[in-house]
Amino acid sequence: MKSSTRRTFFGMGAAAPALLAAAKTQPGQEAGIDYYDKLGVTKIINAAGTYTMFTASVMPPRVQAAVALAAKHPVRLAELQKKAGEYLASKLKCEGALVSAGAASALTLGTAACMTVGNRAAMELLPNDVQSLKNEVIIQKAHRYGYDHAIKNCGARFIEVETPAEYERAFTDRTVMCHFFNAAEQGQISRENWIRVAHQHQVPCFNDAAADVPPISNLWAYTQMGFDLVTFSGGKGMRGPQNAGLLLGRKDLIEAAALNNNPYDETVGRGMKVAKEQIIGMVAAVDWFVGQNEEEMQAGFQRRAERIAAMLKDVPTLKYEIVTPPAANHVPHLILRYDQSKVRKSPLAVAEELRNGSPAIELNPATGRTSGSAGLVSDENTIVVGVWMLEPGEESIVARRLHEVLTKAVG
Ligand SMILES: *Cc1c(COP(=O)(O)O)cnc(C)c1O
């Protein structure tokens, strides 16, 4: 018996050390297995920013702890959603709040809410059978963007406008919502005028501000400005779970959004489940984020950028600038430029070398490209370092690797 136990145990091969480690801890305090290592998944240093493809952010320890505690108990999902929503609404100074499966899912649920509010029978008609429903969404042409599909998922269609006069004329008896992309770099119609005209026609207004904290006060600024619905991504600046987000706004619309969400089966939101761990994680992240000191936080990012720049000061011809985009990703970014006839390596090639190095580092995707993140001025001659998602101490690793790769290319 004894020997067969041992054989089985040793037969587990690579898992054995982890099991041994777990066996030494107290019940309920399992050390856990590092499944990234077990699966051979590369851990990266995130010098990019809150990008979905790089898993956006790392939750602060306090949020991670809240998630782990939530995992220990079943609860009633509807009660959890309701109480989380009430807590968030009061904390964020709006009528209603819903934890969604990210901002993209909030766009879908918010649109579904506008299409079905006061008409529960309509929910089953989305997205294919909406002929009997209002389904026109007015948007400025310059606000069309990569998240359109989240709205189209409801069977809605866009009516594009450019001038204020076109906007006035665009309303019909099928207009269901007016959509605004908060970080759009162009568009003739301001937020205030967008809201005013929509409300003259009794049409609700949605503002997608997914990537637009900090400033922290944006979490209530847009609902207080009069937007009926506003979304923020949970995994971006707030550093909550990547698959969570906030839908904030008018109470009746938030209630309608909740009805279009799981646990209800015949709804457009049935596949957008947020587990109890992530609902709690979102609430804990909001608590963490609104408790931050804005100036200290921004000054900390600025110091990181300056520290990296200082460690690169002997790279020939290198010049730097620290830039804060106006709306989305409104935090200091480090921009590096150098003479490529002296340092013979393009920013794209530098990014590739850091990506494939050890430890693996991802620079901001605007590196070496003209079209980057909203508000960042970049081109084929710029390296862009996003510093805000670096963990303590990682800035010196990033600086050391940049220094290595750039000085090696001098010649
Ligand atoms: C990131 C982003 C989204 C999507 O957010 P998720 O939380 O990843 O779903 C939507 N809109 C804008 C403008 C964004 O930047």
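Residues numbered from 1 in each chain as written. Predicted model: local features only at pLDDT ≥ 70, side-chain atom pairs only at ≥ 80, totals over all residues. Heavy atoms only, no water.

Draft legend 1. Spotlight on the overall build of the protein. Secondary structure assignment for the protein yields 15 helices and 12 strands. Taking 22 Å as the expected radius of gyration for a compact globule of 411 residues, we find that the protein reaches 24 Å, a close match to that expectation. Partitioning the intrachain contacts of the protein with sequence separation of at least 6 by distance along the chain shows that 68% fall at a separation of at least 24. Total accessible area on the protein is roughly 19800 Å²; 53% of this is exposed by carbon and sulfur atoms. Of the side-chain charges in the protein, 44 are positive and 42 negative, and the distance between the mean point of each set is 7 Å. (Helix = DSSP H or I, 4+ residues; strand = E, 2+ residues; numbered from the N terminus. Rg over C-alpha atoms; globule rule 2.2 N^0.38 Å. Contact = heavy atoms within 4.5 Å. Areas by Shrake-Rupley, 256 points an atom, 1.4 Å probe, with all protein chains shown as cover. Lys, Arg positive; Asp, Glu negative; His and termini not counted. Charge placed at Lys NZ, Arg CZ, Asp CG, Glu CD.)

Draft legend 2. Representation of helix 10 (residues 218–225) within the structure. Of the residues making up helix 10, those classed as buried are Asn218, Leu219, Trp220, Tyr222 and Thr223. On its buried face, helix 10 sits against helix 9 (191–200), strand 6 (205–208), strand 7 (229–233), strand 8 (245–249) and helix 12 (276–290). With its phi angle positive at about 125°, Gly226 sits one or two positions after the end of helix 10. (Buried < 20%, exposed > 50% of the residue type's maximum accessible area, 1.4 Å probe, protein only.)

Draft legend 3. Up close: the sheet that holds strand 3 (residues 136–140). If you walk across this open sheet you meet the seven strands as 2-8-7-6-5-3-4, and the pairing is mixed. Each having just a single partner strand, strand 2 (96–100) and strand 4 (157–161) make up the two edges of the open sheet. Taken pair by pair, the neighbouring strands of this sheet meet at an average axis angle of 25°, ignoring direction. In this sheet, strand 8 lies alongside strand 2 in antiparallel orientation, the contact comprising five bridges. Across the sheet, the residue bridging to Val99 is Leu246, located in strand 8. Along the sheet, helix 10 contacts strand 6, strand 7 and strand 8; its crossing angle with strand 7, the most-contacted strand, is approximately 165°. (Pairing = 2+ DSSP bridges. Axes fitted to C-alpha atoms, helices over the stretch in contact; angles between N-to-C directions.)

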